[in-house]
Structures are given as C-alpha cells and as structure tokens.
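# Working through the structure, step by step
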Amino acid sequence: MKYIYYPGCSLKSTGRVYEESLLSVMDVLNIDYKELDDWNCCGATAYMAVDDRKAYVLAARNLALAEEQMKNEPEVNIIAPCAACFMVLLKTQKFLEENPEDKAAVVAALKESGLNYTGRAKVRHPLDVLVNDYGEAEIIKRITKPLKGIRVASYYGCQTVRPYSVFDDQRNPETMDRLMKAAGAEVVDWSMKTRCCGASLTGTVQDVALPLSYVIVHEAKKRRADAVATACPLCQFNLECYQTDMNSKFKSDLKIDVLYFTQLLGIALGIEPKKLGMNRLFTEPENLYKILEGGNRVYV
Amino acid sequence: MERSIYAESFALDVTAKDRLDTRRKIKYESELDKTFSNRIAESAHGEQLFGCIQCGTCSAACPVSHYMDYTPRKIIQMVREGFKEEVLKSSTVWLCASCYACTVECPKGIKITDVMYALKREAISGNYYPKNAPASILANNFFKQVLNNGRNSEGPLLMKMYLKTNPFMLLKNMMLGIKLFTRGRISMKTEKIRDKKALKKLLNSVESKKKILSAGKPADVKEAAV
Ligand code: SF4
Ligand code: SF4
C-alpha cells in the first residue's frame, strides 16, 4: 500500500527529529510513501481560536491535495504524525460530514482554486499504520538490536487519541506500548499516558504549564522508566527541553531521556543514531546506549 | 455603566482598600446578555450545552481547572445564563490547552473544548481578550502568519509574541532558542507554500459564521501583514 505523508509545520522545525526518525523507520520497513506536495499548515489549535470556517478550509485544502495526488491509488491514506495535525484533519473531516451547509461552502471555495474535496481520504497516525497495517509480527522479524533492559513509559499525550481517533482507546491506549514491546523494551504501567503536557502554554503561561509537564516526567521517573516515548512534537519538546526549568522551579534534579517512539523503534531496527536525529536532542540518550552495551546507567 | 464610575472614584482614593467594598456582587437578570448562549452554541455547533447537568466531570478531568477564574463547569453555566463579559474576560478561555479531556468525559456529550474555541473567537472579535496575554497574541499572530504564508514558522512567531508581551521571557528563553538553533531544530526563516496568493484568496472567500453574527466588528487581524 502507498501512503501520502503530511509533515505539517512542526516536523520541519522543532519536531525535525520526529520526521528524520519516522522516515528512517519507514524506509527500513519498506513502507512506500511520498510527501504531500505544496501542503499548508493544518491550522493547529490557534487557528480555530480566531476563525473557524477559515480553519476548516485550511485543513481541507490538504485533504483535497492528497486526494488529487493519490488519484491513481485505490485508497487515499494520509500519514499525519503530529498529534495536532492528525486531530485537526480528522476533526475537519468529521465536521464537514456532519454539517452539509459548511461542507458545501468549503467544497465550493476549494473548487474555485481548482481542488476537489470529497472526504474520501483516510487520516492515519503512524502508530496506527505500524501496528494495524504493518503489524507487530512483521516488525519483530526485522528487529536486530532489541531494547533489552530498557524501561519505557509510553506517553501518548492528548490529541493523538482524543477525541476523534478510533485506532486506540481514549483512556488507556496501547498501540505504542505494543510497538515498544515488539522492539524488545519493557513498558511501565502508568496513569499519565494521555494527560496533557501543557501544550503551547509552556510558551505563553509558563507558571501553569511547567507543573503539568513536571508531573508527567516525575511520574515516569517514579516508575523507574529509562525513557519517555512520545508521539507528538509539542509533548517531546515540553518534556525534554524544559527539564532544567522544571528542576529549578520544583527544586528537583530529574533527568530522563524523552524520545520519539520512532527513535526507540529505530534503534531496535539497527538504524544508526544520526539518521534518527539523536544528535539533535539536548543530550544524547547515553543511558540507553549504556544499557544496550550491557553497562550501568549513567543517571538514575 | 455604574461599574466604571465606581472604579474611577475607587482609583482616586488610595485608602479605598481599607474601606468596606460595597459594590453589588450579583448581577440583575436584566443585565445579562440573553442572546449570548445561543450565539456561542451556534458558533461551537454545540446545542447540547443546554443539556448540561452541572455534574462537574469536566472540571475534574481538566488539568488546568485549578488555575482558572471559573472552572469549565462554571463557564458552561455562565454561558447559559448570559454572563458575557465575565466569561469573555476570564482567564479560563486562554488557559484552556485544548486537550479534549473534558469533551471525552462529559456524560451529556457536550463539546466543551469547542465551546472554549467559540469563546476565544468571540473574545478576539469583540476585543475582550487581554491585550498583552501571550496566548491570545500567539493565536492572532499565528493566524496572520498562516493567512499570508500558508505555513507557520515557529522561530519568528515566538520571537514576535515575546517582543509584544514580555521581552524578559525572550531573554529567558534565549538559551533555549540557541540550543534549538545549534541543533537545527528551529530557524528564523519564514516558511511559505508555493502559491501564497491563491491560498489567501481561498481563505478570504469563506466567511466565518461568527463574523456574520457579530456584524460590524470585523476582526482587525484580516488585513494586518506579518
Ligand atoms: S461534564 Fe458535561 S454535563 Fe457535567 S458539568 Fe461538565 S459540561 Fe455539564
Ligand atoms: S480542553 Fe480545555 S477545558 Fe477541556 S479539559 Fe482540556 S484544558 Fe480543560
């Protein structure tokens, strides 16, 4: 099956590591994809706050582009790795189905600029694609460096599973845990899987956002996790890049590696660290390297 | 506007703090905006909001409710009653992180997150939003940037927000910015799609329902350039 890949703005900047590692993993697994040509921003959470119809047109343009660029395929499957993009594209589709009047306006506007929107595209999250299309059994066959001895806390964040997604449970999702197990890691059982990380509040109202990120990192540590696996550029950014701020605010000295699940999977598939964007993290995950070599943890 | 007159005399008297606060704490029903709830319900596509049973599940599920002026449960009730000013000026609207926890848990199927979005839109178009609150500035600048370029450039966007709101934060976050920059995770380049004009035309060809509802108050963001 062929997929069309919609990166969104984050995967080209702060979430670049996500893009690099995801594409490397898909290459190794021989998953066929091409990037959506001339994609635009999905609108994220901010656009909806200013103008709703414009927000829907903005997202629908991408869906229409995908339909056009995949017109020779039996199915249009869009991979949207960023949690916000994924949710916004799904939301747009659902909203337009439920509100024919708005749909007519959006379709007409898109037609004006030469695009056709029918709504037949399927919006897919990479977790969904890897677990449900590709399958854990196939992945296990290709694991060359199992993550033996590494304890992973799978952190899904909010918008990957809420509120429109159907590929996993909204309260206790498991796809990432299954992938991490397939990669040979041990997964920790914890209650923070879908708790909000503070999202864009870290940039705007830090006093409120830091405690939100902190409880997640703190809980992961308490459960003796070696790494938090994320599936969203904003979650990864908040949990990794603000650790110093959290520590000074809460007088703690937490240190934990926060990686994309695709990076962890990538290590297990034997992909070299550079292709997984490890060099772009604030600190390379030395703990993981050490454990894999059979040594002791550098930090606990 | 008895309130503002009161506020003036209040400001003149520096010792007012020590006096008994005799402002009326309860609004008369005639002062409520009875059309507000319908407007918000329509804008959020959420007529279900009239079915709220005030169970408080949303507030319990909300990760930031304990920082808000009014919890999500209260906001829903206040919207229904027509406390327009209080709602639109509240911190609640801008603290909502759009995490959808409330929406998923509400036993009455009320799309609370969408109500929050409708309130954000209403607060921006009616000029109620706190002018130097980063969250609303961020939303506004993001909107302009995407309207003009089709893509969001995180570097310039954040820079602008901090300059407008809190230059101190910019300095504080400078180290973070440098770290990201040296790792190739942020750039100050403005990202664009190929045909910016066509996209702008496309976006401008649809009118938000909100604008039709609050006619005469066009969002000032429309023409501003980034
Ligand atoms: S959870 Fe739903 S029904 Fe309960 S108070 Fe909140 S909005 Fe009302
Ligand atoms: S969507 Fe907003 S109001 Fe609802 S739980 Fe999340 S932060 Fe709270």
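Residues numbered from 1 in each chain as written. Chains lettered and ligands numbered in written order. Predicted model: local features only at pLDDT ≥ 70, side-chain atom pairs only at ≥ 80, totals over all residues. Heavy atoms only, no water.

## Brief notes about the overall build of chain A
The following threshold applies: Put simply, DSSP marks the helices as runs of H or I at least four residues long and the strands as runs of E at least two long, and each gets a number from the N terminus on. Based on C-alpha atoms, the radius of gyration is set beside the globule rule, defined as 2.2 Å times the residue count to the power 0.38. For the exposure calls, accessible area comes from a 1.4 Å probe over protein chains only, and a residue counts as buried if that area is under 20% of its type's maximum, exposed if over 50%, partly exposed in between. The contact rule is simple, with two residues in contact once any of their heavy atoms fall within 4.5 Å. For the charge count, each Lys or Arg is scored as positive and each Asp or Glu as negative, with His and the chain ends excluded. Every charge is mapped to an atom, namely NZ of Lys, CZ of Arg, CG of Asp or CD of Glu.
In terms of helices and strands, chain A carries 14 helices and eight strands. Here chain A has a C-alpha radius of gyration of 19 Å; the compact-globule value for 300 residues is 19 Å, and the two agree. Seen through its C-alpha atoms, chain A measures out along the principal axes to roughly 60 × 45 × 30 Å. Residues classed as buried in chain A amount to 65% of the 300 residues present. Taking as baseline every contact in chain A between residues at least 6 positions apart, the subset at least 24 positions apart corresponds to 74%. Of the charged side chains in chain A, 38 are positive and 39 negative, and the gap between their average positions amounts to 3 Å.

## With respect to the side chain of Glu19(A)
Residues and elements named next belong to chain A. What counts here: Polar contact is defined as a pair of N or O atoms within 3.5 Å, subject to the rule that within protein one atom must be able to donate a hydrogen and the other to accept it, and that residues adjacent in sequence are counted only when both atoms are side-chain atoms.
Here glutamate 19 is to be found in helix α1 (residues 16-28). Engagement of the side chain of glutamate 19 in a polar contact is seen with the side chain of lysine 12, the distance being 2.9 Å. Those residues in contact with glutamate 19 that lie beyond four places of it in its chain are Tyr5, Pro7, Leu11, Lys12 and Glu35.

## A look at the pattern of salt bridges
Rules: Throughout this description, the term salt bridge denotes a Lys or Arg side-chain nitrogen within 4 Å of a carboxyl oxygen of Asp or Glu.
By the definition in use, this model includes 32 salt bridges over all chains. Measuring nitrogen to oxygen at the nearest pair gives 2.9 Å for the salt bridge that ties Lys12(A) to Glu19(A). Using a relative accessible area of 31% as the deciding quantity, one classes Lys12(A) as partly exposed. Look at Glu19(A) and you get buried, because its relative accessible area is 11%. Between Glu20(A) and Arg280(A) there is a salt bridge, with the nearest N and O atoms lying 3.0 Å from each other. Taken together, the residues span a long stretch of sequence, with Glu20(A) in helix α1 and Arg280(A) in the loop between α13 (261-268) and α14 (286-293) at a distance of 260 residues. Taking the relative accessible area as the measure of exposure, Arg280(A) reaches 14% and is therefore buried. Salt bridges here are not isolated pairs; linked through shared partners, they connect Asp33(B), Arg39(B), Lys84(B) and Glu122(B).

## Here's the deal with the interface of chain B and chain A
Quick note on the threshold: Buried area is calculated as the accessible area (1.4 Å probe) missing from two parts once they are joined, with the contributions of both summed. Each residue receives one of three labels: charged for Asp, Glu, Lys and Arg, nonpolar for Ala, Val, Leu, Ile, Met, Phe, Trp, Tyr, Cys and Pro, and polar for the others, Gly being one of them.
On the side of chain A, 67 residues touch chain B, which itself brings 59 residues to the contact. Buried surface at the junction of chain B and chain A, both sides included, amounts to about 5500 Å², of which 61% is carbon and sulfur. Counting the surface chain B buries against chain A, the share from its top three residues, Arg183(B), Arg185(B) and Leu202(B), is 13%. Across the chain B-chain A interface, the total number found is three salt bridges. One salt bridge in this structure joins Arg171(A) and Glu105(B), with 2.9 Å as the shortest N-O distance. At the boundary of chain B with chain A, the tally comes to eight residue pairs in polar contact (both at pLDDT 80 or more). Where the side of chain B that touches chain A is concerned, the elements lending two or more residues are α6 (92-95), α7 (101-105), α8 (112-125), α9 (134-149), α10 (154-165), α11 (167-182), α12 (196-204) and α13 (209-213) of chain B. The element best represented in the side of chain B that touches chain A is α9(B), accounting for nine residues. Across the side of chain B that touches chain A, the residue classes break down as 32 nonpolar, eleven polar and 16 charged.

## Description of the sheet that holds strand β6 (residues 186-187) of chain A
Residues and elements named next belong to chain A. Note the cut-off: We treat two strands as partners when DSSP finds at least two bridges between them.
An order of β6-β5-β7-β8 is seen for the four strands of this open sheet, with the pairing classed as parallel. In this open sheet, the two strands that pair with only one neighbour each are β6 and β8 (257-260). Both strand β7 (residues 227-230) and β8 contribute to a ladder of four bridges, which runs parallel. Bridging from a neighbouring strand, threonine 230 pairs with tyrosine 260 of β8.

## Comments concerning the site of ligand 2
All names here are of chain B. Keep this limit in mind: It suffices for a single heavy atom of a residue to lie within 4 Å of a molecule or strand for the residue to be listed as near it.
Inspection of the region around ligand 2 gives 13 residues, with Cys62, Cys96, Cys99, Tyr100 and Cys102 positioned closest. When contributions to the shell around ligand 2 are tallied by element, the ones reaching two or more residues are α7 and α8. Tallied by class, residues from the shell around ligand 2 come to eleven nonpolar, two polar and no charged.

## Some thoughts on the domain arrangement of chain A
Residues and elements named next belong to chain A. To keep it simple, the criterion reads: The start and end points of each domain follow an automatic or database-based domain assignment.
Structurally, chain A comprises domain 1 (2-124) and domain 2 (142-292). Here the C-alpha centroids of domain 1 and domain 2 sit 25 Å apart. Counting residues at the interface gives 24 residues for domain 1 and 25 residues for domain 2. For the pair domain 1 and domain 2, the summed buried area comes to about 2100 Å², and 72% of that belongs to carbon and sulfur atoms. Linking domain 1 to domain 2 there are one salt bridge. Mapped by element, the contributors of at least two residues to the side of domain 1 that touches domain 2 are α1 and α4 (83-98). Per-element accounting of the side of domain 1 that touches domain 2 gives the leading share, nine residues, to α1. Looking at the side of domain 1 that touches domain 2, its residues break down into 14 nonpolar, six polar and four charged.

## Remarks on the packing of helix α3 (residues 52-69) of chain A against helix α5 (residues 100-112) of chain A
Residue and element names in this part refer to chain A. Condition: Interaxial angles span 0 to 180 degrees and are taken between N-to-C directions of axes, which are lines fitted to C-alpha atoms, for helices over the stretch in contact. Oblique is the label for every angle not falling under 35 degrees (roughly parallel), over 145 degrees (roughly antiparallel), or within 65 to 115 degrees (roughly perpendicular). By definition, any crossing whose near helix is turned counterclockwise from its far helix by less than a right angle is left-handed, and any crossing with a clockwise turn is right-handed.
Put simply, α3 and α5 touch, their axes get as near as 10 Å, and they point 60 degrees apart. Classified by the interaxial angle, the pair formed by α3 and α5 is oblique. By crossing handedness, the relation of α3 to α5 is classed as right-handed. Residues Arg53, Val57, Ala60, Arg61 and Ala64 of α3 pack against Glu101, Asp102, Ala105, Val106 and Leu110 of α5.

## Let's talk about the sheet that holds strand β4 (residues 122-124) of chain A
Residues and elements named next belong to chain A. With parallel pairing, the four strands of this open sheet are ordered in space as β2-β1-β3-β4. Both edges of this open sheet fall to β2 (32-35) and β4, since each of them pairs with a single strand only. Ignoring which end each strand starts from, the neighbouring axes of this sheet average 35 degrees apart. In the sheet, strand β1 (residues 2-5) pairs with β2 via four bridges, with the strands oriented parallel.

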